[in-house]
Amino acid sequence: MSSLLFEAKNLTKGFPGVQALSKASLQIQAGEIIGLVGENGAGKSTLLNIISGIYRADNGEMFIQGKKYEPKDYQDATRKGVARVFQELALVPNLTVYENIFLSHESIFLKAGIYLDKNKMIKKSKEILSKLNLDIDPNKPVDFFSFSTKQAIEIAKACSISSELFKVETPLILLDEPTSSLSQNEIKEFYNIIDKLKHTASFIFVSHRLSEILQISDIIYIMKDGEIIKRISSTEVNEKELHELMVGRVREEDYYQENKQLTVFGNPVLSVTNLSKRNYFENFNLEVKEGEIVGIAGVIGSGKAELGKALAGTTKVDTGSITINEHDITNKTMAEAIKMGIGYIPEERNIEGIIDSFPISWNISLSSLNDIVGNKFGLLNLKKERETAKRYLKTLSIKAPHEKIDCGNLSGGNQQKVVLSKWLMRDLKLLILDNPTRGIDPGAKAEIYELLRDLTNNGVSIIVISDELVELIGISNRILIMKDGILTSEMDSKVKNKPSEKQLISYMV
Amino acid sequence: MSLQPQVPNDNFRQQNPEKQKNNDSEYSKKMILMKFLPLISLIILILFFSIINSQFLTVGNSLNILRQSAVLLVVACGITFILLMGSIDLSFGSIITLAGVLGALMIVHTGIPVILSILIGAVIGVLCGLINGLIFAIGKVPSFLVTLGTMFALDGIALMIIGGSPVPVNSSGFLDLTRGSLIPGIPNIILWSLIIYLIMIFIGFKTKFGRYMFAIGGGETVAKMSGVNISRYKIYGFMVSGLLAGIAGVLMASRLGSATPRMGEDLLLDGIAAVVIGGTALTGGVGGPHKTLIGVLLIAVLGNGMNISSVDPYLQIVIKGVVVVAAVAIGLDRKKIKVVK
């Protein structure tokens, strides 16, 4: 019943000095969902880039329904039935939904060669959206909608462009980590959308969340070092095996280093009383002791992200107080919070954590130019800056030839290690992390968990805010659950007595 | 924004260190070429003019070029910091005029010591920069608009003060400030500008202020999340730019022997062009004061070379425009710039 929709044979792509992809072959049946997994740098992005016409393969061939497929560029690929949903949404926020859906394909709606038939565009976009049971007003600007809705729009756009406009029967949709910024509920919605589309399209699905890959895909391709090393049916493999295949090393039981989890803590470090910020959180109370890891769970919009920002001093609160080691830092500047020993790892690494055009050493020292790397006259100690960076390149095994490499050239995991170094070099008392392992490969993840454990051994208090529940459960001593800005529950997460995801979710939603 | 995605730079995300090394060396070869492109262009330009005109590469003319570029170098150093922040300053030409006019008037009418006239220029420049900075950083008005406004306003003030006619200065002490030679054979103006240039390189790379200029342009949010007081350093940036424009104004008045209305006008576009040709991106975060010297010399050599080869003055302007665009198009390290606006 199924027919071969897409086939790639021996795709090879080299960059100067690097074989990014070698002899990758894959086949996709109509209506099939292919999962693509591999560590960062395994070649997943390169493969997607070739299929979607952004790169051209050095060698190898591709076919769509038996016909040779050689996309000239991304637009050409779209015309031939391949569309891609990007990790970072490629929608223009101030344009309306319908304008976004047909962006760069407006010529189809031209009347008399110049006049854009907007009514027809709106009508068509309504059709497309309702086909997917999406209740979205195409006249509203995209920015009006939540992140998950924006993603739904993007998927709708990807699916419809080929099928509606270019009469491609079964489009191939490439999903590049579509769920990485979604909350649990939104992921469910996302599955529903994929389910609805399954009879009209085929998918290649890339994700770091292996459980998702297992749940959603029919066939899984595993990539490693630029090669597809295995093709396996999702029913024949479990998460642990998949993980082992991917990284080529056994996933140890103590991925979260639970054996190192402390049971006895020191003095209270952070104490938060009745903290409120309108529209975000209300009457929040918390005490964190030396060596303790407190997890904060909650769906997106529960106020947990804003709470983290408030604790780190990057945003002001309305009422309540935050004290660290008995110093009141409520509504003081972030510089003050940093001086008191607070470090903050933001969620949006590329916007808030790392300056791409800065070398590693400059990024690491950025929060220490007032004291450690600079003196009171504002002069910098460049030698110390270099040496600090070198030290962290080594101790955190950041993969870069030297400390002068620009951070934009590093992989996500290595960038995150640079952000961590920025705070590790200081006399840290409290580290607040917002989704610290998002978009990071499992190897680097494990290293980050180990680092957090080591920090607690040195008496540092840690607050982890995360959408990844397994991570929270694994790493935390206790977990706070927020819902609609209110702390609804607190759960112990002791070794050998960890709560389940289900338990957490029941309080979150 | 186009539909073209940001393609991750896969060739650097490889985990294999040996492959990385290989790749690194090829990459850096290209980078080195790009890095020295402004210098190579300058050398080619100098060779070109010395071939077509025997008067060009003489000691006299070389000193002339340096003299002509000295004031430009002083202001361009200040503008470098503004561009590093990703901002723009359109008012520094007017600051030059105002500081030059007031400095000259003080010398003529009160006979103050020369050093004080420099100080007056500096203070005026800093104040103008402070106004720019406050409106920009605290009032959150785009720097383009703020400085467009102050450009007109300051020009107007200068015109009101001198009523449209030049202020000639005959004080020999004041003229010696730039025309004398503390080091035999080298006019003071060249000496001052080189000293200021070196100080600015020091400030750019060895001070917190300099680093924050890079940080604000490269990733303002990141800097903020690292505890940097963004607004304060934005204001500082404009004050430094104003300071140098103010000093440049007095130096220029001394060099010309008079302060004239709109005397800073030509320096505005030359200054921005020199910084960008040197390799500091308009989008911020990339470049640095050290690169600005080459840009300044390129502009000066081009102007001088065309002048002594008697190129039609109107054609000169056209050629300058073409060179600016070409130099930026070829030389800019676009890899580091995410969005070109």
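Calculation notes
- Residues numbered from 1 in each chain as written.
- Chains lettered and ligands numbered in written order.
- Predicted model: local features only at pLDDT ≥ 70, side-chain atom pairs only at ≥ 80, totals over all residues.
- Heavy atoms only, no water.
- Pairing = 2+ DSSP bridges.
- Helix = DSSP H or I, 4+ residues; strand = E, 2+ residues; numbered from the N terminus.
- Axes fitted to C-alpha atoms, helices over the stretch in contact; angles between N-to-C directions.
- Contact = heavy atoms within 4.5 Å.
- Buried < 20%, exposed > 50% of the residue type's maximum accessible area, 1.4 Å probe, protein only.
- 1 Å grid on protein atoms, 1.4 Å probe; cavity = no way out; pocket = protein on both sides within 12 Å on 5 of 7 lines; lining within 4 Å.
- Points joined across faces, edges and corners; volume = space filled by probe spheres on them.
- Nonpolar A, V, L, I, M, F, W, Y, C, P; charged D, E, K, R; others polar.
- Phe/Tyr/Trp six-rings, centres within 6.5 Å; stacked < 30°, edge-to-face > 60°.
- Lys NZ or Arg CZ within 6 Å of the ring centre and 35° of its normal.
- pLDDT = per-residue confidence, 0-100.
- Parallel < 35°, antiparallel > 145°, perpendicular 65-115°, else oblique.
- Salt bridge = Lys/Arg side-chain N within 4 Å of Asp/Glu carboxyl O.

**Observations concerning the sheet that holds strand β15 (residues 293-297) of chain A**
All names here are of chain A. Here six strands make up an open sheet; going across it, the order is β18-β19-β20-β15-β21-β22 and the pairing mixed. Each of the sheet's edge strands pairs with one partner strand only, and the pair in question is β18 (342-345) and β22 (486-492). Pairs of neighbouring strands in the sheet enclose a mean axial angle of 20°, with direction left out of account. Of the strand pairs in this sheet, strand β19 (residues 430-434) and strand β20 (residues 461-465) are connected by five bridges, and their pairing is parallel. Opposite leucine 430, over in β20, you have serine 461 as the bridge partner. Each of β15, β21 (478-483) and β22 touches helix α17 (residues 501-508); the most contacted strand, β21, lies at about 30° to it.

**Let's talk about the side chain of A:Ser461**
Mapped onto the secondary structure, A:Ser461 falls in strand β20. On the accessibility criterion, A:Ser461 (0% relative accessible area) is buried.

**Considering the layout of surface pockets**
Residue and element names in this part refer to chain B. Approximately 930 Å³ is the volume found for the second largest pocket. Around the second largest pocket sit 28 residues that line it, and Asp266, Leu267, Asp270, Ile299 and Lys320 are the ones nearest its centre. Listing elements by their share of the lining of the second largest pocket, those giving two or more residues are α2 (59-84), α9 (230-256), α10 (265-278), α11 (289-308) and α12 (313-331). Residue composition of the lining of the second largest pocket, by class: 14 nonpolar, seven polar and seven charged.

**Considerations on the packing of aromatic side chains**
Considering all chains together, one arrives at 13 aromatic pairs over all chains under this definition. An aromatic cluster of three or more residues is present, and its members are A:Phe358, A:Trp362, B:Phe205 and B:Phe214. The ring of A:Trp362 carries the charged tip of B:Arg211 above its face, separated from the ring centre by 4.0 Å.

**Quick notes on the confidence of the model for chain A**
Should pLDDT be low for a region, the predicted coordinates there are not to be read in detail. Summarising the model, chain A shows a mean pLDDT of 86, and 95% of its residues fall at 70 or more. For residues 249-253 of chain A, every residue scores under 50 in pLDDT, and the model assigns this stretch nine contacts once sequence neighbours within four places are set aside.

**Regarding the sheet that holds strand β6 (residues 82-85) of chain A**
Residues and elements named next belong to chain A. Taken in spatial order, the six strands of this open sheet run β6-β9-β10-β3-β11-β12, and their pairing is mixed. Because the sheet does not close on itself, it has two edges, and the strands there are β6 and β12 (227-233). If you compare each strand with its neighbour and ignore which way they point, the axes differ by 20° on average. Across five bridges, the pairing between strand β9 (residues 172-176) and strand β10 (residues 202-206) is parallel. Across the sheet, residue leucine 175 finds its bridge partner in β10, namely phenylalanine 205.

**Some remarks on the packing of helix α7 (residues 188-206) of chain B against helix α8 (residues 208-225) of chain B**
Residues and elements named next belong to chain B. Their axes nearest at 5 Å, the elements α7 and α8 cross at an angle of 70°. By the angle class used here, α7 and α8 are roughly perpendicular. Facing α7, whose interface residues are Ile203, Gly204, Phe205 and Lys206, α8 presents Lys208, Phe209, Gly210, Arg211 and Phe214. The residue makeup of the contact of α7 with α8, split by class, is four nonpolar, two polar and three charged.

**Focus: the pattern of salt bridges**
Residues and elements named next belong to chain A. Tallied over the entire structure, the rule returns 21 salt bridges over all chains. Between arginine 478 and glutamate 292 there is a salt bridge whose closest N-O contact spans 2.7 Å. On the criterion of sequence distance, the pair formed by arginine 478 in strand β21 and glutamate 292 in the loop between β14 (281-289) and β15 is long-range, its members being 186 residues apart. Each of Asp76, Arg79 and Lys80 takes part in a single network of salt bridges with overlapping partners.

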